[in-house]
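Notes for the structure review
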Amino acid sequence: MPRGRYSLHDPHDHTPLGEEHFHCAPGPSGWRYTARTTGPSGEPSGSVDLTTDHLGRPLRLELHAGGWRVRGAALDGVTWVRTDPEGARVTEGNVPAHAFTGASPAFFVATARLLRLTPGGPATRVRLVALTAPVLAPRTLDQSWTLLKSETHPTDNGPLTVDAYQVTDLDTGEGHSVHIAGDVVLAAPGIELEDLDTPPSAFP
């Protein structure tokens, strides 16, 4: 069960945005990722709880940020319920998308698992619902994912396979690279892996 810490920053001007303290593990029915987030000064800022099935589809998602809460799952596309900080207003949504995305590294792992791309294969288009702090307002977007290569590196704990993806926002044309080993993001825009106490888990 990998446990560690990511630092988060603005991918454009590198302003520190805080940290995400996480642990994750595959299980008999899929994969679960839980984390608590802190702001730049260390104050609690939210949490992430994502469970996917063995195909990478979101079985359960719960996000907290800025007093807002979103619960969601794959149901007739993806469905969610969003609650305001006062708890006085609840809104529901549903769109024909494949999964959720957001600032947490968990979403990169989940999307890669969902797509199951082949190195050097064609780009695959995926529709996602983005939920980002501070208000977790849903936004539907389309991305293109390509698995550029998979490389295996020797480590003290045995061989480690790193997948390098090219991810492109189809609305803006902006692209970036994402490097994933098992269920841990090694590098992505705005994300740096700072600590990891055990090696990444390998999906079956």
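Numbers given to residues run from 1 along each chain, matching the order in which its sequence is written. Reporting of local features is limited, given that this is a predicted model, to residues whose pLDDT is at least 70; pairs of side-chain atoms are given and counted only at 80 or more, and all residues count toward the totals for whole chains, interfaces and linings. Side-chain figures throughout are based on the complete set of non-hydrogen atoms in the structure, without hydrogens or water.

Going by what an unreviewed UniProt entry lists, the protein is known as Glycolipid-binding domain-containing protein and is assigned to Streptomyces xinghaiensis.

Below, the discussion takes up the nonpolar core. Among the nonpolar cores identified, the biggest contains 46 residues, and Tyr-33, Trp-145 and Tyr-165 are the most heavily contacted of them. Secondary structure elements are defined from DSSP: runs of H or I of at least 4 residues count as helices, runs of E of at least 2 residues count as strands, and each element is numbered from the N terminus. Ranked by residues supplied to this core, first place goes to helix H1 (residues 106-115) with eight residues. Ignoring any residue separated from it by four or fewer positions in sequence, one finds Tyr-165 in contact with Ala-112, Leu-117, Trp-145, Thr-146, Leu-147, Leu-148, His-176, Ser-177, Val-178 and Ile-180. Throughout, nonpolar core names a set of buried Ala, Val, Leu, Ile, Met, Phe, Trp, Tyr and Cys residues whose side chains join them through atoms within 4.5 Å. To sort residues, take the accessible area from a 1.4 Å probe on protein chains only and compare it with the maximum for the residue type: under 20% means buried, over 50% means exposed, and anything in between is partly exposed. Every residue pair with non-hydrogen atoms within 4.5 Å of one another is taken to be in contact.

Let's shift gears to the packing of aromatic side chains. Between the rings of Phe, Tyr and Trp (Trp by its six-membered ring), a pair exists once the centres lie within 6.5 Å; its type follows the angle of the planes, with under 30 degrees stacked, over 60 edge-to-face, and the other angles tilted. Here the structure, examined in full by the defined rule, presents six aromatic pairs. Ring centres 6.2 Å apart and planes at 70° place the aromatic pair Trp-31 and Phe-203 in the edge-to-face group. Within this pair, whereas Trp-31 is found in strand S3 (residues 30-38), its partner Phe-203 is found in the segment after strand S15 (191-196), the two being separated by 172 residues in sequence. An aromatic cluster of at least three residues, connected via ring pairs, comprises Tyr-6, Phe-22, Trp-31, Tyr-33 and Phe-203. Across the ring face of Trp-68, the terminal group of Arg-82 is positioned such that the distance to the ring centre comes to 3.9 Å. Consider the ring centre and the ring normal. A charge sits over the ring if Lys NZ or Arg CZ is within 6 Å of that centre and within 35 degrees of that normal.

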